[in-house]
Amino acid sequence: MQCITVLFVLASLSVTGEAVSNFSEGVVTDVWGIPDSGVPENVGGGEHACLHSGMKSPIFYQAGLATLACRVTGIPCDITASGVAYIAYDEASEALNAFVTSQNLNPFANGDLGIADSFPGAETPIIAMHLHKGNSSVNGPIAVFFCGAPPMPAMHGLPACSQQNDLSYKGYFQHPDGSFTTQVSKDFKEYMKENKVTQQNIQEYLYYNLHTTYSWAKTKGNGLIRAQLVATGSAPSFATQSCTKDATSSENTCTSAAPGSACFKDVIWAMSRGIQQHPDWYPGLSVSSDFVAFQEFLHKTKGGSGTCLAPCNQRRLRGVSKSTIWQ
C-alpha cells in the first residue's frame, strides 16, 4: 500500500489576504495556510454520471443547502452561498449516490464579507461533502462520505472534491478497520434501523453538509452550507440527464431550467432559502416539493427574475412512502 504524507505549513495572513510563500519549505499556501487549495476544476471524484446508476428501485431525497444553521455552525448568517443536493438510495444494491449543484460558494468573490478587491488570493474551494447524523440543532458525526481532502480529518482513501458543478458522487462508508467502500456499512444500517428512520421522518436524522477552506478556517470543521434531507418523488432532469440517451421532446412547449440560467438560480434560491425563511411566499409548496414544482410556481407567479418558463413534467421513479423504514 502506498503511503502519502502531507506536510502542512501554517502561514501568517497578510493584511490584504494574499497567498503566502514559505520558501524554506518550497510551499505556497492560500490565506488559510492550506497548501494548493486552489484545486483545478478537472480534479476530483465527481462525475457526469447517472445519479441512480445500477439501481433498480431508487428512493430520492433532496436538501436545499444554505447557511440557515449558522447559529449552530458558526458561519456568518449573511453568507449568500446556496445549493441543492439530491440523494438516490437503493436498498437492494446497498448503494447511495449524490448529485449537488451550488452557487455563490466564495464569500470573498461575492462581496459577502466586504469589497472583493480587498481579499486577493482568498480562494475557497470545496474540500469535503458528507451526510451527517443528526437534526438541524447539532453538528453530528459523519455517516456517508462523498469526497474529501486535508485538512478535513479521516479522508485518506477518498476521492477529492471536484470544483466543477452539477456532478454525481458515489457514497463511501467507513468500516471498523478504517477502510472506505461504497457498500453500506453495518453502522449506518443500525443507525437507521434503531431510529426507525422513514422517508417521512428522515429530516430528523440526516443532513447534507458541504465544506470549503473558508468554512474550515472559520469554524475548524463545520460546513459552509447544509440542510436536512427530505424525501422527494424524483430528481430533476438536470440531475438524471446522464441516465438515458432518449431524446427529449422537440416541441418547445416546456423548458427545464438549465444550470446557470437566471431561472435555475431562482429555483435553487427558493428551494434552499426562500421556502425555509418565508414559507408563506410559496403556498402549496414545502421543503420536500421537487425542482419542477418550484419552477412551475415561479413560472405562474413570475417570481424571482421572472424568466422561468413552464417546466417539463418528468417521470417519477418512485413515490414517497409513509411507512417504509430505511434498512
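Each remark here, short or long, concerns the structure printed above.
Because the structure is predicted, anything quoted here is derived from the model rather than measured.

Colleague: Honestly, unusual backbone geometry in this entry has me stumped. Any pointers?
Modeller: Excluding glycine, residues mostly have negative phi values, and the peptide bonds linking residues are mostly trans. Backbone geometry at glutamate 94 places phi at a positive 50°, although glycine is not the residue there. Along the chain, glutamate 94 falls in the loop between β4 (82-90) and β5 (95-103). Positioned with a positive phi, asparagine 104 is a non-glycine residue whose angle comes to about 60°. With respect to the helices and strands, asparagine 104 occurs in the loop between β5 and β6 (126-133).

Colleague: I keep staring at the sheet that holds β4 and nothing clicks. Help me out?
Modeller: Two pairing modes exist for strands in a sheet, parallel and antiparallel, and in both the strands are linked by backbone hydrogen bonds. A sheet is described by the order of its strands in space; here five strands give the open sequence β8-β5-β4-β3-β13, paired in antiparallel fashion. Taken across any chain shown, the strands that pair with only one partner, and hence form the sheet edges, are β8 (167-170) and β13 (230-232). For this sheet, the mean angle separating the axes of adjacent strands, direction not counted, is 30°. On the sheet, helix α5 (residues 262-277) packs against β3 (59-65), β4 and β5 and is oriented at approximately 85° with respect to β4.

Colleague: What exactly am I supposed to notice about the side chain of glutamine 228 here?
Modeller: Examined against the element boundaries, glutamine 228 turns out to sit in strand β12 (residues 225-228). Within the local environment of glutamine 228, its side chain forms a polar contact with the backbone oxygen of glycine 134, the two atoms lying 3.1 Å apart. Engagement of the side chain of glutamine 228 in a polar contact is seen with the backbone oxygen of leucine 206, the distance being 3.2 Å. Setting aside chain neighbours within four positions, we find glutamine 228 in contact with Gln62, Ala63, Gly134, Asn135, Ser136, Gln203, Glu204, Tyr205, Leu206 and Tyr207.

Colleague: In this structure, what is going on with helix α6 (residues 291-301)? I would like to understand it.
Modeller: The α-helix advances 3.6 residues per turn, and as a result positions three or four apart in sequence lie on the same side. Among all positions of α6, only Phe291, Val292, Phe294, Gln295, Phe297 and Leu298 are buried. On the buried face of α6, the contacting elements are β4, α4 (237-240) and α5. Lysine 302 sits one or two residues past α6 and shows a positive phi near 55°.

Colleague: Explain the nonpolar core to me, please; I cannot follow it from the model alone.
Modeller: Side chains of a nonpolar character, in soluble globular proteins, are inclined to be buried together. In this structure, Ile87, Met129, Phe146, Tyr208 and Leu229 are the most contacted members of the largest nonpolar core, which totals 42 residues. In contact with methionine 129, other than residues within four places in its own chain, are Val100, Phe145, Phe146, Cys147, Cys161, Tyr169, Tyr208, Asn209 and Leu210.

Colleague: Honestly, the packing of aromatic side chains in this entry has me stumped. Any pointers?
Modeller: Within this structure, the stated rule accounts for 13 aromatic pairs. Grouped by ring-pair contacts, the aromatic residues Tyr86, Phe99, Phe238, Phe264 and Phe291 constitute a single cluster. Over the ring of tyrosine 207 we find arginine 226, and its NZ or CZ is 3.7 Å from the ring centre.

Colleague: In this structure, what is going on with the sheet that holds β12? I would like to understand it.
Modeller: With antiparallel pairing, the four strands of this open sheet are ordered in space as β7-β6-β11-β12. Of all strands in the sheet, those with a lone pairing partner are β7 (142-148) and β12, marking the two edges. Adjacent strand axes in the sheet meet at a mean angle of 15°, parallel and antiparallel pairs treated alike. Strand contacts of helix α2 (residues 186-194): β6, β7 and β11 (206-212), with the helix running at about 135° to β11, the strand carrying the most contacts.

Colleague: When you look at the pattern of salt bridges in this model, what are you seeing that I'm missing?
Modeller: Working definition: two side chains of opposite charge can pair if their charged atoms are close together. As enumerated under the stated definition, the model contains four salt bridges in all. Two residues, glutamate 190 and lysine 186, come together in a salt bridge whose shortest N-O distance is 3.9 Å. With glutamate 190 and lysine 186 both in helix α2 and four residues apart, this pair spans about one turn of that helix. Looking at lysine 186, the relative accessible area reads 62%, which means it is exposed. Residue lysine 300 is joined to glutamate 296 by a salt bridge in which the shortest nitrogen-to-oxygen separation is 3.4 Å. Of this pair, lysine 300 and glutamate 296 both sit in helix α6, four residues apart, roughly one helical turn. Judged by its relative accessible area of 25%, glutamate 296 falls in the partly exposed class.

Colleague: Could you clarify how one ought to interpret the state of the cysteines in this entry?
Modeller: As used in these notes, a disulfide is a covalent bond between sulfur atoms, one from each of two cysteines. Counted by the stated rule, this structure contains four disulfides. With its sulfur 2.1 Å from that of its partner, cysteine 50 forms a disulfide with cysteine 243. Linking cysteine 50 and cysteine 243, the disulfide has an S-S dihedral of approximately 100° and is accordingly described as right-handed. Here cysteine 243 lies in the loop between α4 and α5 and cysteine 50 lies in the loop between β2 (27-29) and β3, a separation of 193 residues in the sequence. A disulfide bridge connects cysteine 147 with cysteine 161, and the sulfur atoms are separated by 2.1 Å. Looking down the S-S bond of the cysteine 147 and cysteine 161 bridge, the torsion is 95°, so its handedness is right-handed. Of this pair, cysteine 147 sits in strand β7 while cysteine 161 sits in the loop between β7 and β8, and the two are 14 residues apart along the sequence. On the basis of relative accessible area, cysteine 147 is assigned to the buried category, the value being 0%.

Reading the values: rules and limits
- Residues numbered from 1 in each chain as written.
- Predicted model: local features only at pLDDT ≥ 70, side-chain atom pairs only at ≥ 80, totals over all residues.
- Heavy atoms only, no water.
- Helix = DSSP H or I, 4+ residues; strand = E, 2+ residues; numbered from the N terminus.
- Pairing = 2+ DSSP bridges.
- Axes fitted to C-alpha atoms, helices over the stretch in contact; angles between N-to-C directions.
- Contact = heavy atoms within 4.5 Å.
- Polar contact = N/O pair within 3.5 Å; in protein donor to acceptor, adjacent residues only side chain to side chain.
- Buried < 20%, exposed > 50% of the residue type's maximum accessible area, 1.4 Å probe, protein only.
- Core = buried A, V, L, I, M, F, W, Y, C linked by side-chain atoms within 4.5 Å.
- Phe/Tyr/Trp six-rings, centres within 6.5 Å; stacked < 30°, edge-to-face > 60°.
- Lys NZ or Arg CZ within 6 Å of the ring centre and 35° of its normal.
- Salt bridge = Lys/Arg side-chain N within 4 Å of Asp/Glu carboxyl O.
- Disulfide = S-S within 2.5 Å.

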